[in-house]
Amino acid sequence: MIESHLPAVSTYAKDIDSLILLIGVLVGFWFFVCQGMFFWLMFKFRAREGHRTTYVTGEEKELARWVHIPHYLVLVCDLFIIVGAVRVWYDVKQNLPEPDATVRVIGQQWAWTFVQPGPDGQLDTPDDIRTVDNLHIEVGKTYHYKLESKDVLHNFSVPVFRLKQDAVPGRVITGWFEATRTGEFDIQCAEICGIGHGIMKGRIKIQSPEEHSAWMAQNSTPAIATASAE
Ligand code: CUA
């Protein structure tokens, strides 16, 4: 259902969609039951000529069950939501699968910088590839991101991945994603971070292995050339 509005492009996107749907259905059901009861009772006990209003405290047994029974039913629904939420949370946030590659994501007012390992496969070496507002990744690979902020709180949000993570100054936050298909999608900052917050966006380009290695080859500077230039 959510997918028809926004494609689900990461391995965990569908789990998050199902969880949102589960919460929507359970909460929606009780919402309509409550509203239905509310309006029905208002109509049934509306003001009528010659009828005095009854004052009800709700303490009598046969009245109190109108509170207790729905209350227990709602608690049972809560159990389903908690179990579902913990499972998805564990998979997305706690469990960190072994990465095929790592990318550093740096937020600052008001742009995203992405640092990827160059041909040597190591981060923080002279052949790293740095890009601004454009992240190129390979489909089907597990990526770790190391999220940082240079100034204030930002939030690295990739809606098609159903990924949203705060970037906190002074901390490096590690998370993961794996794209399930190629394409180009939005990245946006999802935490108010100053006057330019609304324009702090980027694009994620999910490439096939061939496209990605061609892009790597095109953008990487051989380590030797960089070293000799220094
Ligand atoms: Cu960065 Cu909002």
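The structure contained in this document is the topic of the report that follows. Just so it is clear, the model here is predicted, and its values are computed rather than measured. (Residues numbered from 1 in each chain as written. Predicted model: local features only at pLDDT ≥ 70, side-chain atom pairs only at ≥ 80, totals over all residues. Heavy atoms only, no water.)

## Let's talk about the sheet that holds strand E7 (residues 163-167)
Strands sit in the order E4-E10-E9-E6-E7 across an open sheet of five strands; the sheet is mixed. Of all strands in the sheet, those bounded by a partner on one side alone are strand E4 (134-138) and E7. Ignoring strand direction, the axes of neighbouring strands in this sheet form an average angle of 20 degrees. Judged from the five bridges that link them, strand E6 (residues 154-158) and E7 form a sheet pairing that is antiparallel. Bridge pairing in E7 links Ser157 to Lys164. Running at roughly 130 degrees to E4, helix H3 (residues 209-219) makes contact with E4 and strand E10 (201-207) of the sheet. (Pairing = 2+ DSSP bridges. Helix = DSSP H or I, 4+ residues; strand = E, 2+ residues; numbered from the N terminus. Axes fitted to C-alpha atoms, helices over the stretch in contact; angles between N-to-C directions. Contact = heavy atoms within 4.5 Å.)

## Observations regarding the state of the cysteines
Linking two cysteines covalently via their sulfur atoms produces the bond known as a disulfide. Per the stated rule, a full pass over the model turns up zero disulfides. A disulfide-free cysteine, Cys77 has its sulfur positioned 11 Å from the sulfur of Cys34, the nearest such atom. For Cys77, a relative accessible area of 15% corresponds to the buried category. (Disulfide = S-S within 2.5 Å. Buried < 20%, exposed > 50% of the residue type's maximum accessible area, 1.4 Å probe, protein only.)

## Observations concerning the packing of helix H1 (residues 13-44) against helix H2 (residues 61-94)
Orientation of H1 relative to H2, taken along the N-to-C sense of each, is 165 degrees, at an axis distance of 9 Å. In terms of their interaxial angle, H1 and H2 are classed as roughly antiparallel. Here H1 and H2 pass one another in a crossing that is left-handed. Across the interface between the two elements, Asp15, Ile16, Leu19, Leu22, Ile23, Leu26, Trp30 and Met37 from H1 touch Trp66, Pro70, Leu73, Val74, Cys77, Phe80, Ile81, Gly84, Ala85, Val88, Asp91 and Val92 from H2. Partitioned by chemical class, the residues of the contact of H1 with H2 number 17 nonpolar, one polar and two charged. (Parallel < 35°, antiparallel > 145°, perpendicular 65-115°, else oblique. Left-handed = near helix turned anticlockwise from the far one by under 90°. Nonpolar A, V, L, I, M, F, W, Y, C, P; charged D, E, K, R; others polar.)

## Topic: the packing of aromatic side chains
For the structure shown, the criterion picks out 10 aromatic pairs. Plain terms: the ring middles of Phe31 and Phe32 are 5.2 Å apart, the flat faces sit at 75 degrees to each other, and that makes the pair edge-to-face. According to the relative accessible area criterion, Phe31 is partly exposed, its value standing at 46%. On the basis of relative accessibility, which here comes to 62%, the residue Phe32 falls in the exposed class. Their ring planes at 70 degrees and their centres at 5.3 Å tell us that Phe38 and Phe39 sit as a pair that is edge-to-face. (Phe/Tyr/Trp six-rings, centres within 6.5 Å; stacked < 30°, edge-to-face > 60°.)

## Examining the environment of Asn95
Residue placement: Asn95 occurs in the loop between H2 and strand E1 (101-108). Take Asn95: its relative accessible area is 29%, and that puts it in the partly exposed class. For the pair Asn95 and Gly175, spaced 80 residues apart in the sequence, the C-alpha separation amounts to 9.0 Å. With residues up to four places along the chain from it excluded, the contact list for Asn95 reads Tyr90 and Trp176.

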